[in-house]
Amino acid sequence: MISRRNIRVKVMQLLYMMEAAETSVTRQKPEIELKKQFDQTTALFVYLLYFITEVARYAETHALKGASKNLPSSADLNINTKIAGNELLWAMLESATFQKALEIHTPSKLLDQDLVRKTYTELTALTQYHEYISVQGREKAKEKEIIKIIFTHLMLPNESFISHVEEHFNNWDDDAEMMEQLVLNYFQKPSSYNMQEMVSQEKWQFAKSLLLTSIEKKEIATDLIKPKLKNWDAERIAQLDMILMRMGVCELLYFETIPTKVTINEYIDLAKEYSTQQSGQFVNGILDNIHKELTEGGKIQKISYKK
């Protein structure tokens, strides 16, 4: 499922887009655009999983093609199809929510069969694959490992595959890191994922509230940030840093169930990852300063919070 950190990234990206584009439609109904972006994220997630299953199942297609030759060789008649019966693969394929997601998002319409074949061929050339098929039994860890290899070794580093994904999903650049995390987490327990609700109702309320609060309370947050900038010109600070600090201030003030330490640490990490090299330390200093001021003024009220 999409985490709160993923949600903060999505809200950050949308706020940045809004400030850069100044589009009136987005400003009128920003939550609709946010919902659309989460839907695009789900569609991309479903496609990646579908591509993985097609690569694994190609073993049977390969075997059928080999056996149907006019004069099949011994190798043609003895293609190993163990991976087509992979336990993780079938846990994915038999998942009711995955099957429903395939109906909704129809990833088969985007599939490049030639790319599937090439990926499978590259898989069969790997030492790890030959080690996998050389063992008759099905060890749970090995079943996961070989499926994971398809994704991490053959899809993500493959320029042709990334170009293919970028052609169909304009959110790939924004979602690439999230996708890696989501797919790897999915491999651990596919049955725990509901692909019709990648963002739970509770998390959607958090996402919508964070977005709208960051917009509506922009002036209040900015007024708290500016005095802490000292010799910095607010207009020359990285736009992303200002957005992250405003989001952080809004969480400190208006999200009573989120501990202040969690908020500050989250925005430091996001600044380090998505902004400049110095941004983490900069955002840390500003938010920590504002936190102390608000605490001393009795303006931060947090209720008990359970992880």
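Before reading on, note that the structure itself is shown above.
**Student:** Would you mind showing me how to read the overall build of the protein chain here?
**Tutor:** For the protein chain, the helix and strand inventory stands at 16 helices and zero strands. Each principal axis of the C-alpha atoms in the protein chain carries an extent, and together these give about 85 × 40 × 35 Å. Looking at the protein chain alone, contacts between residues at least 24 apart form 79% of all its contacts between residues at least 6 apart. Here the protein chain displays about 16100 Å² of accessible surface, and carbon together with sulfur accounts for 48% of that area. Taken together, the 38 basic and 42 acidic charged side chains of the protein chain have centroids lying 4 Å from each other.

**Student:** How should the layout of surface pockets be read in this particular structure?
**Tutor:** Rolling a probe over the atoms, with the probe sized like a water molecule, indicates the empty space that remains. Estimated volume of the largest pocket: approximately 270 Å³. Around the largest pocket, the lining is made up of 13 residues, and of these Lys35, Asp39, Gln196, Met198 and Val199 lie nearest the centre. Listing elements by their share of the lining of the largest pocket, those giving two or more residues are α3 (30-67), α6 (96-105) and α12 (201-216). Classifying every residue of the lining of the largest pocket gives six nonpolar, four polar and three charged.

**Student:** What is the right way to look at the packing of aromatic side chains in this model?
**Tutor:** Aromatic rings considered in pairs are described by the distance between their centres and by the relative angle of their planes. Under the counting rule described, the total for this entry stands at 10 aromatic pairs. Between the aromatic rings of Tyr58 and Tyr120, the centroid separation amounts to 5.3 Å while the plane-to-plane angle is 55°, which identifies the pairing as tilted. Linking Tyr58 in helix α3 with Tyr120 in helix α7 (residues 113-124), this pair joins segments that are 62 residues apart in sequence. For the pair Tyr58 and Tyr120, one class covers both residues: buried.

**Student:** Please explain the pattern of salt bridges as it appears in this structure.
**Tutor:** Side chains that carry opposite charge are capable of pairing whenever their charged atoms lie near each other. Considering all chains together, one arrives at 16 salt bridges under this definition. Note that Arg8 and Glu266 form a salt bridge whose closest N and O atoms lie 3.9 Å from each other. Here Arg8 is found in helix α1 (residues 4-21), whereas its partner Glu266 is found in helix α15 (residues 260-274), with 258 residues between them in sequence. Just as Arg8 is buried, Glu266 falls in that class too.

**Student:** Got a minute to help me understand empty space enclosed by the protein in this structure?
**Tutor:** Overall, the coordinates contain one cavity of 30 Å³ or more when judged by the stated rule. Taken as a whole, the largest cavity encloses approximately 50 Å³ of empty space. Around the largest cavity, the lining residues are Arg5, Asn6, Val9, Asp174, Glu177, Met178, Gln181 and Tyr274. Elements that contribute at least two residues to the lining of the largest cavity include exactly α1 and α11 (172-188). Residues belonging to the lining of the largest cavity are distributed by class as follows: three nonpolar, two polar and three charged.

**Student:** It is not clear to me how the nonpolar core should be interpreted in this structure. Could you clarify?
**Tutor:** Counting residues in hydrophobic clusters, the biggest one holds 97 residues, and the most contacted among them are Phe45 and Phe187. In contact with Phe187, not counting residues within four places along its chain, are Leu49, Ile52, Leu88, Met92, Lys144, Ile147, Lys148 and Phe151.

**Student:** Even after reading the chapter, I still don't get helix α14 (residues 239-254), so can you show me in this structure?
**Tutor:** For an α-helix, 3.6 residues make a turn, and residues three or four places apart therefore share a direction. For α14, spanning 16 residues, the distance from its first C-alpha to its last is 22 Å, which sits close to the expected 22 Å at 1.5 Å a residue. Of all the 16 residues making up α14, 13 are buried; the element is thus mostly covered by neighbouring parts of the structure.

**Student:** I would appreciate a short explanation of the packing of α1 against α15 in the present structure.
**Tutor:** When two helices pack together, their arrangement is captured by the angle between the axes and the distance separating the axes. Here α1 crosses α15 at 60°, and the two axes come no closer than 11 Å. Taken together, the axes of α1 and α15 are oblique relative to one another. Between α1 and α15 lies a crossing whose hand is right-handed. Of the residues in α15, those touching α1 at Arg5, Arg8, Val9 and Met12 are Glu266, Tyr267, Leu270, Glu273 and Tyr274. Considering only residue class, the contact of α1 with α15 consists of five nonpolar, no polar and four charged.

**Student:** Would you mind going over the packing of α1 against α12 with me for this structure?
**Tutor:** Two elements in contact, α1 and α12, have axes whose closest approach is 10 Å; the angle formed by their N-to-C orientations is 35°. Every pair of crossing elements has a handedness; the one defined by α1 and α12 is right-handed. Between α1 and α12, the residues in contact are Arg4, Ile7, Arg8, Val11, Leu14, Leu15 and Met18 and Glu202, Lys203, Phe206, Ala207, Leu210, Leu211, Ser214 and Ile215, respectively. When the residues that make up the contact of α1 with α12 are grouped by side-chain class, the tally is 10 nonpolar, one polar and four charged.

Thresholds applied
- Along each chain, the written sequence defines residue order, and numbers are assigned to residues from 1.
- Only residues with pLDDT of at least 70 get local features here, since the model is predicted, and only at 80 or more are side-chain atom pairs given and counted; chain-wide, interface and lining totals rely on the full set of residues.
- In computing side-chain properties, one takes all heavy atoms of the structure into account and sets aside hydrogens as well as water.
- A helix here means a DSSP run of H or I that spans at least four residues, while a strand means a run of E at least two residues long, and both kinds are numbered starting from the N terminus.
- Any two residues whose heavy atoms approach within 4.5 Å are treated as being in contact.
- Residue burial considers only the protein chains on display, and all accessible areas are found by Shrake-Rupley using a 1.4 Å probe.
- Here Asp and Glu are counted as negative and Lys and Arg as positive; His is not counted, and neither are the chain ends.
- Positions of charges follow a simple convention, taking NZ of Lys, CZ of Arg, CG of Asp or CD of Glu.
- In this analysis the probe radius is 1.4 Å and the grid spacing 1 Å, with only protein atoms considered; a cavity is a set of points the probe fits into but cannot get out of, a pocket is an open set with protein on both sides within 12 Å along at least five of seven lines, and lining residues have an atom within 4 Å of a point.
- Grid points are joined across faces, edges and corners, and a volume is the space filled by probe spheres set on the points.
- All amino acids are sorted into three groups, where Ala, Val, Leu, Ile, Met, Phe, Trp, Tyr, Cys and Pro are nonpolar, Asp, Glu, Lys and Arg are charged, and the leftover types, Gly among them, are polar.
- Any two of the Phe, Tyr and Trp rings considered here, Trp counted by its six-membered ring, make a pair once their centres fall within 6.5 Å; the pair's planes then place it as stacked at under 30 degrees, edge-to-face at over 60, or tilted in between.
- Relative accessibility thresholds used throughout: buried, under 20% of the residue-type maximum; exposed, over 50%; partly exposed, between the two (1.4 Å probe, protein chains only).
- Basic side-chain nitrogens of Lys or Arg form a salt bridge, by our definition, when they fall within 4 Å of a carboxyl oxygen of Asp or Glu.
- Only buried residues count toward a nonpolar core. Its members are Ala, Val, Leu, Ile, Met, Phe, Trp, Tyr and Cys residues joined through side-chain atoms within 4.5 Å.
- For a helix, the expected span equals 1.5 Å multiplied by the residue count minus one.
- Only C-alpha atoms enter the line fits that serve as axes; for helices the fit covers just the stretch in contact. Angles between N-to-C directions range over 0 to 180 degrees.
- If an angle is under 35 degrees, it is roughly parallel; if it is over 145, roughly antiparallel; if it lies from 65 to 115, roughly perpendicular; otherwise it is oblique.
- A crossing counts as left-handed when the near helix is turned anticlockwise from the far one by less than a right angle, and as right-handed when that turn is clockwise.

Note that all results are geometric; they support no functional claim without further evidence.
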